[in-house]
Amino acid sequence: MSLLDVRDLSVVFQRRGERPFTAVDKVSFTVEPGQTVGLVGESGCGKSVTSLAIMGLLPKRGNKVTGEVLFEGTDLLKLRPDDMRDRRGRDIGMIFQDPLSSLNPVIPIGVQVAEVLERHQGRERKQALREARELLDAVGIPDPDRRLKEYPHQISGGMRQRALIAIALACKPRLLIADEPTTALDVTIQAQILTLLKQLVDDTGTALIMITHDLGVVAGLCDTVNVLYGGKVVERARRHELFGQPRHPYTHGLLNSVPRLDSIRGERLHAIRGSVADNIPWTEGCAFAPRCDNVVDACLEGPPPLEPTATGGDLRCNNPVSEEVAVP
Amino acid sequence: MLRVIVRRLLQLVVTLIALSALIFIWLRNLPGGPVDALLGERATPETRALLTKALGYDQPIYVQYGKFMQRILTGDFGNSIRTGDPVIEVIGRAFPATFELALAAMIIAVGLGIPLGYLAARWRGRALDHLTVVGTLLGISIPIFFLGYLLKDVFTQNIHWFPPSGRVGIGLDNTNVTGFFVLDGLLTREFDAAADALWHLILPALTLATIPLAVIVRMTRASVLDVLNEDYVRTAEAKGLRHRTIRGRHILRNALLPVVTTIGLQTGALLSGAVLTEKVYNWGGLGTLITDSITGSRDYPVLQALILLAALVFVVVNLLVDLSYAFIDPRVRVR
Amino acid sequence: MTEPTTQAGTPAPRRKDERPDRGNVTRLGDRKKARLEELAQASAGKGGVSLLRDALRRLRRNPAAIVGATIIALFVLVAIFAPLIAPHDPVQRFDELTSRLSADTIPGPSDGFPLGSDELGRDLLSRLIYGSRQTLFVGVFATLIGLAIGVLLGAIAGAFGGWVDNILMRVTDVMLALPALLLAITLVALASRSSQWTVILAVAIVNVPVFARLLRGSMLAQRESDHVLAARALGVKKRSIVLRHMLPNAMTAVIVQATLTLSVAIIEAASLSFLGLGDPDRDRAEWGAMLGDAGVRYFEVRPELAYYPALAIIVVALGFTLLGEAMREALDPKNRR
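Please read all numbers here as calculations on a predicted model, not as lab measurements.

**As for the overall build of chain A**
Argument step 1. Broken down by element type, chain A carries eleven helices and twelve strands.
Argument step 2. On C-alpha atoms alone, chain A measures out to a radius of gyration of 21 Å, which is about the 20 Å that the 2.2 N^0.38 rule sets for 328 residues.
Argument step 3. In terms of principal-axis extent, the alpha carbons of chain A reach across some 65 × 50 × 40 Å.
Argument step 4. Within chain A, buried positions represent 47% of all 328 residues.
Argument step 5. In chain A, 63% of the contacts between residues at least 6 apart in sequence involve partners at least 24 apart.

In structure tokens, the structure reads:
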């Protein structure tokens, strides 16, 4: 049994007086115990909404979530709110994008780590703070005794993200969801945080869902990658296949738009033209068609199906990038 | 931290000195000054000159001000023109009544306002929220003296729930210890007196609480709505914390920061409101004293002391609020 | 990569030749162009004018703003056309009413007098209708005078900064330290006799520090803003930076505050009347005076004398508050979408 099995997850936002908007459209993917899975795509592709839906953190009103999110066989979407509350932070931890705003500004770091332990492991404050100290130490925060008593504004951005990781991993969850954990950080710190995450995941055997727009992050970390576009999975592949042979034109474009040190001088960087704003609705065809170099008639006649590929992945494309053009 | 306190205290002193000078000059130089007030308009020029000299008004203004400050600092605000009693005594007698009333109003405003504002924000867009928003809009749009009359009419004339006016029932023999009648009753174990005083207090306190209540509800609602959108609340939810913890430690603790400032600023509204409320309910406190010292004969020494007192209270309360802010919010502490 | 046209039947070197026909390409192209135009319009909202237009558009969609604006429009219309609407002269005492006045009766509705008499045998309805004029007058002038002085002080403080700013702000500190009504009471009391203008001035002066602080804060924030820095870097003269860039931007906040102040001013004028410091002219019909004076004095005899002007004040104050709040919301960049 997979650790997490997301089946046909859809999230439709419906505000009063506005047209319903499908942010996540029948997304399915699985996460095996200890595995690292990437959810990749531009902003607005539905990757963050997917993670919030898994965590049960979407606003109570104004949206409709359908499908199944099976965590060790239990459908999280059917759990009573209080039961879900028991699991959050204990079975599934989550790290967010902006470490400064994600920490409560008026509460010491120590308490913010300790309160998870108090909640899920029934620790007393003193014991919890002792364990919090160990956790801060484990995530590489120097001088943890002092940091326990400090407030978020008093420590650096990298340390804040480390503190958030300590919070998320405090109860040794079996699944960790990291939503763009390095986007708000300096480049030098980004690498440190990724290394730390990789090391912690390896050490603890926690499965990780890595949500990012940055293929560089995926390259160093993920076993399997799901590429999302317009709320749908457009390509799923193991890491090596994806980087070696991107099949979907969108993935191809994403890879080509990453500057590379080993590229030939003078060669132009290929940006994907247009923006997410050019999307057409999936009901009319392939959402990516307006921006696609490979577009064919079939792309505008209806949504292409997600079909298995020869290499064990899945692909949603009528006219995939052929192998010989993939790597220039 | 200490430096902040010292700087704020210095600012406070400067403000008060400026204020005293301003009041001093106003009261001396505007038509219908104290000499007229004492003698009436038909006094002969001779008596006028005599009195002016006796009161020291013939001296240069800065000399007068110097003497005035000297007396003030020793607690001597002169004598009331109306009654001849020392001003400090007149004010001392009226102070407990107003303090009791203002405190009760503030307890109502804060005790009701924060939960209401929180609930309205949590249930945004639902019936309770709409009701609260409409209610607070009405609260700041209604002249409170009219509301006072309305409440009095409904609760004392139509249904006799509360006494119409005054601070205690007639014929009730209560012992006066502190001047705070509810407290007095409790101290002397005259519980019937305490209950009676409390009974008299409810309607006036409700009337006076209207505006601060509306303002606090609105502020709390807006502030909670802001905080609910904060990432750290989402983090707290992601931790699976209990509702109680999220509400107290993560939402309210942050949302109440701006509300605390608002509460401080409402002391001013309370003092203004007390003048009106006390007149409606015949409540013999500072508000009544202000009205009395203006209408009819103008009792300048009393008025002057009252204005200084009001400003002092307002400034000190807000200083305390600012300092407490520094204790609640660690981000302010460092600066 | 780009082959402009493809002849039918040409051998296909790559699958790229299976491109959609021209028709489809233009269809997509058009769609994209329309989309881009939309985007351009949205991003053009950076200029001052379209920013205001944007705010206006949001205002029109806000029901609170519409209710507020409607109330104010009705109020102003009644004030303008009072002589046409009112059935009687507001100061005339009618014998058929005065004859029925006594210590414990004030006549209620009767033929020709739909709301009955006031305490002096005048037509209550006509006085209420004419009252809108005086109320508007008091509210507008109290607000405008307060605004003018406050804006002047605030602009000076904000533009010069330094010790000028320091002194002016200490002055506003002192004014803010006094409870509003107490300050107004003192000001009215200090005038030898109260009149309509002492009421207006007292209420106006109470609002001076509010406007001064607001304008100064807004201008200080702008001194550091990018567009003022850019203007300065381009060598635009200081005076024209203040007049052309900083003041107009700060004024939106001032206008919002003025709308909110109008309701406060009307209520404060009523409070002064209640304390016996209002306009002593018994002929002049003004809601605040009607409520604060006769309204409460004869509350036991005929509460309608208080109810009607009170209702009028509440509704109008509500109108200004609703519109002001909606304006503030519309201008708040946080709500921009």
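**Observations regarding the overall build of chain C**
Argument step 1. A count of helical and extended segments in chain C gives 13 helices and zero strands.
Argument step 2. Helices and strands in chain C line up, N terminus first, as α-α-α-α-α-α-α-α-α-α-α-α-α.

**Structural notes on the sheet that holds strand β6 (residues 92–95) of chain A**
Residue and element names in this part refer to chain A.
Argument step 1. Taken together, the eight strands give an open sheet; going across it, the order is β6-β7-β8-β3-β9-β10-β12-β11, and neighbouring strands pair in mixed fashion. The strands lining the two open edges of the sheet, one partner per strand, are β6 and β11 (307–308).
Argument step 2. Sheet analysis places β11 next to strand β12 (residues 314–315), joined by two bridges and oriented antiparallel. Counterpart to Pro308 in the pairing with β12 is Asp314.
Argument step 3. Taken strand by strand, helix α1 (residues 47–55) contacts β3 (36–40), β6, β7 (175–179), β8 (207–212) and β9 (224–229), and its axis lies near 145° from that of β7.

**A word on the packing of helix α6 (residues 124–160) of chain C against helix α12 (residues 287–297) of chain C**
All names here are of chain C.
Argument step 1. Where α6 contacts α12, the axes come no closer than 7 Å and their chain directions differ by 110°. Considered as vectors, α6 and α12 are oriented roughly perpendicular to each other. Of α12, the residues touching α6 (which contributes Arg127, Gly131, Thr135 and Val138) are Trp287, Gly288 and Met290.
Argument step 2. Here the residues of the contact of α6 with α12 sort into three nonpolar, three polar and one charged.

**Observations concerning the sheet that holds strand β2 (residues 21–31) of chain A**
All names here are of chain A.
Argument step 1. The four strands are arranged β2-β1-β4-β5 in an open sheet whose pairing can be described as antiparallel. At either end of the open sheet lies a strand with only one pairing partner, and these are β2 and β5 (74–75).
Argument step 2. One ladder, built from seven bridges, connects strand β1 (residues 4–13) with β2; its direction is antiparallel. Bridge pairing in β2 links Leu4 to Val31.

**Points about the domain arrangement of chain A**
Residues and elements named next belong to chain A.
Argument step 1. Along its sequence, chain A is carved into domain 1 (4–222) and domain 2 (228–260 + 271–315).
Argument step 2. Placing the centre of domain 1 and that of domain 2 at their C-alpha centroids yields a distance of 27 Å.
Argument step 3. The interface is formed by 19 residues belonging to domain 1 together with 14 residues belonging to domain 2.
Argument step 4. Taken together, the elements giving at least two residues each to the side of domain 1 that touches domain 2 come down to β2, β3 and α8 (215–221).
Argument step 5. Here the side of domain 1 that touches domain 2 gets seven residues from one element, more than from any other, and that element is β2.
Argument step 6. Class assignment for the residues of the side of domain 1 that touches domain 2 results in ten nonpolar, five polar and four charged.

**Here we look at the UniProt feature "domain: ABC transporter" (unreviewed entry) in chain A**
Argument step 1. In the UniProt entry, the feature "domain: ABC transporter" (unreviewed entry) is given for residues 6–255 of chain A.
Argument step 2. Its end C-alpha atoms 26 Å apart, residues 6–255 of chain A is made of 40% helix and 25% strand.

**Here's the deal with the environment of Tyr229(A)**
All names here are of chain A.
Argument step 1. Mapped onto the fold, Tyr229 is located in strand β9.
Argument step 2. Distance in space between the C-alpha atoms of Tyr229 and Tyr250 is 8.2 Å, their sequence separation being 21 residues.
Argument step 3. Each residue touching Tyr229, except ones within four places of it in the same chain, is listed here: Gly41, Cys45, Val234, Tyr250, Ala287 and Phe288.

**Observations regarding the packing of α6(C) against helix α13 (residues 304–331) of chain C**
Residue and element names in this part refer to chain C.
Argument step 1. Put simply, α6 and α13 touch, their axes get as near as 11 Å, and they point 25° apart. On the basis of their axis angle, the class for α6 and α13 is roughly parallel. In this structure, α6 meets α13 at a crossing whose hand is right-handed. Within the contact between the two elements, α6 uses Leu124, Leu128 and Gly131 and α13 uses Tyr308, Pro309 and Ala312.
Argument step 2. Of the residues contributing to the contact of α6 with α13, the split by class is five nonpolar, one polar and no charged.

**Some words on the interface of chain B and chain C**
Argument step 1. On the side of chain C, 33 residues touch chain B, which itself brings 34 residues to the contact.
Argument step 2. Looking at the side of chain B that touches chain C, the elements with two or more residues in it are α1 (2–29), α6 (127–141), α7 (144–158), α11 (243–281), α12 (286–294) and α13 (300–328) of chain B.
Argument step 3. A class-by-class count of the residues in the side of chain B that touches chain C yields 24 nonpolar, seven polar and three charged.

**Let's talk about the nonpolar core**
Argument step 1. Formed by 160 residues in total, the largest nonpolar core has its most connected members in Leu182(C), Ala184(C), Ile185(C), Val203(C), Ile266(C) and Ile313(C).
Argument step 2. Other than its neighbours up to four places away in sequence, Val203(C) contacts Ala142(C), Ala184(C), Ala265(C), Glu268(C) and Ala269(C).
Argument step 3. Within the second largest apolar cluster, 93 residues are counted, among which are Val69(A), Ala207(A), Met210(A) and Ala236(B).

Rules and cut-offs
Residues numbered from 1 in each chain as written. Chains lettered and ligands numbered in written order. Predicted model: local features only at pLDDT ≥ 70, side-chain atom pairs only at ≥ 80, totals over all residues. Helix = DSSP H or I, 4+ residues; strand = E, 2+ residues; numbered from the N terminus. Rg over C-alpha atoms; globule rule 2.2 N^0.38 Å. Buried ≥ 20, exposed ≤ 12 C-beta atoms within 10 Å, placed from the backbone. Contact = placed C-beta atoms within 7 Å. Pairing = 2+ DSSP bridges. Axes fitted to C-alpha atoms, helices over the stretch in contact; angles between N-to-C directions. Parallel < 35°, antiparallel > 145°, perpendicular 65-115°, else oblique. Nonpolar A, V, L, I, M, F, W, Y, C, P; charged D, E, K, R; others polar. Domains from an automatic or database assignment. UniProt positions renumbered as here; feature names shortened; annotations may be inferred. Left-handed = near helix turned anticlockwise from the far one by under 90°. Core = buried A, V, L, I, M, F, W, Y, C linked by C-beta atoms within 7 Å.

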